[in-house]
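Residues per chain, in single letters:
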Amino acid sequence: MRRFRRVIAAVALAATAATTVAACGSDEGGDGSDAKTLKLWHYESENSAMGIAWDRAIQIFKDEHPGVEVQFERKAFEQIQQNAGMIINSSEGPDLMEYNKGNATAGLLSSQGLLTDLSGEATKRGWDKALSPSLQTTARYSDKGVMGSGNWYGVPNYGEYVMVYYNKDLFDKYGVKVPTTLDEMTTAMDTFVGKGVTPLAEAGAEYPAGQLFYQLALSKADRKFVDDYQLYKNPVDFKADPLKYGAEAFADWVNKGYVAKDSASLKAEDMGTAFISGKAPMIVSGSWWYGRFKDEIKFNWDSFLFPGNKFHAGSSGNLWVVPTNSKAKSLAYDFIDITLRPEIQALIGNNGGVPVAGDPSKITDPKNKKLIENFNVISQQDGLAFYPDWPVPGYYDVLVSGFQGLINGSKKPDQVLDAIAKPYDDGVKEITGK
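What counts and how
Residues numbered from 1 in each chain as written. Predicted model: local features only at pLDDT ≥ 70, side-chain atom pairs only at ≥ 80, totals over all residues. Heavy atoms only, no water. UniProt positions renumbered as here; feature names shortened; annotations may be inferred. Buried < 20%, exposed > 50% of the residue type's maximum accessible area, 1.4 Å probe, protein only. Helix = DSSP H or I, 4+ residues; strand = E, 2+ residues; numbered from the N terminus. Pairing = 2+ DSSP bridges. Right-handed = clockwise from strand over helix to strand, strands pointing away. Phe/Tyr/Trp six-rings, centres within 6.5 Å; stacked < 30°, edge-to-face > 60°. Lys NZ or Arg CZ within 6 Å of the ring centre and 35° of its normal.

An unreviewed UniProt entry annotates the protein as ABC transporter substrate-binding protein originating from Micromonospora azadirachtae. The UniProt entry for the protein carries the following text under Sequence similarities (unreviewed entry): "Belongs to the bacterial solute-binding protein 1 family."

Right under this line is the structure:
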């Protein structure tokens, strides 16, 4: 699943919303230093932290580049996820685009020669100093498209991680305490089930189910497993823990009523709106929801790290990538640079995002401070474990199908593990030649 993490899934992302932001001429060749148009695509909702910050970055870019037209189009996540290679290999593609990080996405396109090598700009503009080594993992790819080393093919300007969002009012109503261990988590969910309340809103038709599986697996994982699974350092046994535990625990949670069986057909937006409406005590999902929840939720809510885990799904945020066919590369580099400035980083932090180069003293909201503090806890203990769909191309759909089957009861855990093991093994062999 892409950043199995992901789909901010705001209503605005349901369809393409094209907006021309200034006015002028046409692109011309070379590095784009004489270009008069910057075609910019991203898929963040208008009220998300990144959407707000990048709107401001567009305005700054316009102010600093008089006579340059910014043609901005807001795309749906799935639209870019499914068609990125074809889109950016055409003359109709953007000059600069938000794209998903990881081997199966940015890594794949970089290995196909479709993305511009940004290594020189990273050194020249200090991006290599602004981003910590762990955050650079998703920016750099080998010639085979494996993240963690090699040239820069993307630049993140925010971080992200998966957590548990909870409805404080429902917790208080049913006398449930915030859990600090996985056992306490199951006890809390038993309490809700006993009152006729489904504890977790879920979505089997998109990434959230895979996030839950991965969080459960990571409760039994160490760094060696993460490196083996994500970076192919050693073969991965899908019939052994932690993956075996993750699948079995997921099925157990469904059987105990922690997850509704009819959620197999639901999408991330359905899960998010169920939580926003106050119907769901909890969801397990990512920091990308934070700004929207702050904007739309009317009840008391908060978040906590998945209890007991050292490792959590998370990474740098998505990447700014510059297609090889871009006709305005120099302008694209300028825009990327603006998004790493203190003003834009502070906007990300103060609107519920996780800035990668922000000053914590500039973050004023207590909820936002906690979001950033928890991210710092994870990153400082080397606890970012990336996302389960990242290792091989096409794995997102494999995982969605597998965990839909666990939710609706059509597959048993060992069948799901078999179903997701072969595409993983085949993909690793294709990438590594081993």
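Past the structure itself, the notes keep going.
A. Fine view of the pairing of strand β2 (residues 37-42). Counting buried positions over the six residues of β2 gives six, a clear majority of the element. Inspection of the sheet shows β2 paired to strand β3 (residues 69-74) by six bridges, in the parallel sense. By the bridge assignment, lysine 39 is partnered in β3 with glutamine 71. Running through helix α1 (residues 49-64), the crossover from β2 to the neighbouring parallel element β3 is right-handed. Examined bridge by bridge, β2 and strand β4 (residues 96-99) share two bridges and lie parallel to one another. The partner of leucine 40 across the bridge, within β4, is leucine 96.

B. Region of the structure containing the packing of aromatic side chains. Counted by the stated rule, this structure contains 30 aromatic pairs. A centroid spacing of 5.4 Å and a plane angle of 20° characterise the contact between tryptophan 289 and phenylalanine 293, whose relative ring orientation is stacked. Residue tryptophan 289 shares its accessibility class with phenylalanine 293, and that shared class is buried. Summarising the aromatic geometry, the rings of tyrosine 290 and tryptophan 301 are spaced 5.2 Å apart at their centres and angled 70° between planes, so their arrangement reads as edge-to-face. One end of the pair, tyrosine 290, is in helix α13 (residues 290-296); the other, tryptophan 301, is in strand β9 (residues 301-304), and eleven residues separate them in sequence. By the burial criterion, tyrosine 290 is buried, and tryptophan 301 matches it. Pairwise contacts between aromatic rings join Tyr165, Phe275, Trp289, Tyr290, Phe293, Phe299 and Trp301 into one cluster. Taking the ring centre of tryptophan 41 as reference, the NZ or CZ of lysine 75 above it sits at 4.2 Å. The ring of tyrosine 245 carries the charged tip of lysine 220 above its face, separated from the ring centre by 4.9 Å.

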